[in-house]
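Breakdown of the fold
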Amino acid sequence: MVTLRSGLVWAMLACAPGLAAEDLGATWGTAAAEAKYYPIVNIPIPSTIPMRPGGLEILPDGRLAVGTRRGDIYFIQGAFSTPPKPEFHLFATGQDEIFSLAWKDGAMTATSFSEVLRIRDTKGDGVADRYETLSNNWGYAEGHEFAFASKHDPQGNIWVALGLSGSYESHNLFRGWAVKITPQGQMIPVCSGLRSPGGIAANTQGEMFVIESQGPWNGSCSLKHLKPGGFLGHPASYNWYAFTKDLKEPVKPNSNSRLHLERKRVKELVPPAVRFPYIKMGRSISGFRLDQTGGKFGPFAGQFFLGDYTLSILLRATTEQVNGVWQGACYPFREGLATGTMNVEFSPQGQLVAGGFTTNAQWPVRGTEPFALQRIDWSGVTPFEVKEINIKPDGFLLTFTLPVDPETAANPESYDISTYTHIFQAGYGSPEVDQTKPKVLKAVPAADGLSVRLTLERIEEGHIHEFGFAKIRAQTGTPLLHTKAYYTVTK
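Heads up: these notes are all about the structure in this document. (Residues numbered from 1 in each chain as written. Predicted model: local features only at pLDDT ≥ 70, side-chain atom pairs only at ≥ 80, totals over all residues. Heavy atoms only, no water.)

This next bit is on the sheet that holds strand β5 (residues 73-77). What holds strands together in a sheet is hydrogen bonding between their backbones, with the strands either parallel or antiparallel. Spatially, four strands are ordered β3-β4-β5-β6 in an open sheet, and the strand pairing comes out antiparallel. Lying at the two open borders of the sheet, with one neighbouring strand each, are β3 (53-58) and β6 (87-92). Each strand axis lies, on average, 25° off the axis of its neighbour in the sheet, ignoring direction. The sheet contact formed by strand β4 (residues 64-68) and β5 spans four bridges and is antiparallel. Bridging from a neighbouring strand, Val66 pairs with Tyr74 of β5. (Pairing = 2+ DSSP bridges. Helix = DSSP H or I, 4+ residues; strand = E, 2+ residues; numbered from the N terminus. Axes fitted to C-alpha atoms, helices over the stretch in contact; angles between N-to-C directions.)

Take the nonpolar core next. Counting 27 residues, the largest nonpolar core has Ile389, Tyr415, Leu454 and Phe469 as its most contacted members. Counting residues in each nonpolar core, the second largest holds 24 residues, with Val274, Leu306, Leu311 and Leu315 among its members. (Core = buried A, V, L, I, M, F, W, Y, C linked by side-chain atoms within 4.5 Å. Buried < 20%, exposed > 50% of the residue type's maximum accessible area, 1.4 Å probe, protein only.)

Across all of its chains, the model carries 23 salt bridges by this definition. In this structure, Arg130 and Glu132 form a salt bridge, with 3.4 Å as the shortest nitrogen-oxygen distance. The salt bridge partner of Glu345 is Lys151, with a shortest N-O separation of 3.0 Å. Residue Glu345 is located in strand β23 (residues 341-346), and its partner Lys151 is located in the loop between β11 (147-149) and β12 (158-162); the two are separated by 194 residues in the primary sequence. (Salt bridge = Lys/Arg side-chain N within 4 Å of Asp/Glu carboxyl O.)

Here the focus is unusual backbone geometry. The phi angle of most residues is negative, glycine excepted, and most peptide bonds adopt the trans form. Along the chain, Thr82 connects to Pro83 via a cis peptide bond; the corresponding omega equals -5°. The backbone phi angle of Trp217 is positive, close to 65°, even though this residue is not glycine. Counting through the fold element by element, Trp217 comes out in the loop between β16 (208-212) and β17 (221-225). One non-glycine residue, Asn323, lies in the positive phi region at around 50°. Counting through the fold element by element, Asn323 comes out in the loop between β21 (313-322) and β22 (325-335). Residue Asn323 is classed as exposed on the basis of its relative accessible area of 61%.

The tally for this structure, following the rule as stated, stands at 33 aromatic pairs. Put simply, the rings of Phe99, Phe113, Tyr140, Phe146, Phe148, Tyr309 and Phe357 pair up and form one aromatic cluster. The ring of Tyr331 has Arg316 lying over it, and the distance from NZ or CZ to the ring centre is 4.4 Å. (Phe/Tyr/Trp six-rings, centres within 6.5 Å; stacked < 30°, edge-to-face > 60°. Lys NZ or Arg CZ within 6 Å of the ring centre and 35° of its normal.)

Next comes the structure, spelled out in structure tokens:
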């Protein structure tokens, strides 16, 4: 039921203190080379505006909307001009921390830790004057209890991922669950087992995915499919099955096990589609979006682009369904952003906007700016990259953005492949374990040079397959811009 919202709730982003000097690991070292293809453009923020970007949205008239950590919503004209000439207009204020925005039918939907709010300007003067709570049918009591939401799905629903209490337990209703909010304000529990999600988006097939943070029951950050009735790995949220209509509590997973083994015991357990090796590919992955620009952003249309808060980087990910289960790969994209990335959004012109802030007194961030809005533009020059990796019964199909040199591509020794997995455990995170080194038996380039079919002696179920491509060259002799990629094999 839709109710009018009143009052003001402030909740600070609660993070572990004293970590500012923590070693964040080595960079990829590719920022200068990346700039040739994807330059970073700063969108200036006036010193008078306390902008700590969280949620991002594009309005029908092309303006950029930004929801902030302090609960404001700004509309920005000129953010996509070259160079940017932003004009900031305060549309709404007085809300909780806003990390998700979605516009539909003349209204803004803003999701904060405690509610999904529909905001309208009924007078037409550019200032919000009507605030309606679509739903607040979950518990909220402290700053780790994040809430991140999707855009509207084709039925007009908003999907919300609810973080645990204190990142470890579920003390408040439906903490650790994904729920769906209908346009009428009904809340529908979808699946349990989340820990500390950081964003939701649909892939090209319309399936909803969530980003999960490393921690208990999560060996690394991962991209998880929000399968209705599924269990996503963290059992702290089992206590709310009694409050659902049709869902049944699964058996509890065993700690100190392996995910692919526990899937055989817990039939509801949905494995991560993509796991991001710690530090190598992010540390606290945040908001993400599907590239629906139709090629305006380069050769990666239909792929996910993801931010990482701690390492101030952007990543790519691809998904495919294999035997009814989603799995896929992740790839480096862009490093050197100015601050901790909280969210990303594509402009109608095909630019990728990244927004965020730092809390270095609370949590380490590589980017040093206190807050920033930046735009990643495509220069029009196509980088030589591994565009996508797809699994085959006896190996993998590698697709490239430009034709490969047939001599290096046909040599099995050009491919350095190793595998590992994580301990599925109640303890925090996991080292890389159960390492193997499968041999490449054959490499067959396609006639057009845009793909290579690899045959391996063995594919390891439940393992991340780490690919090294340092020896691969384009037909022009150019090396790959990024020489690493990681495929998560589920089945």
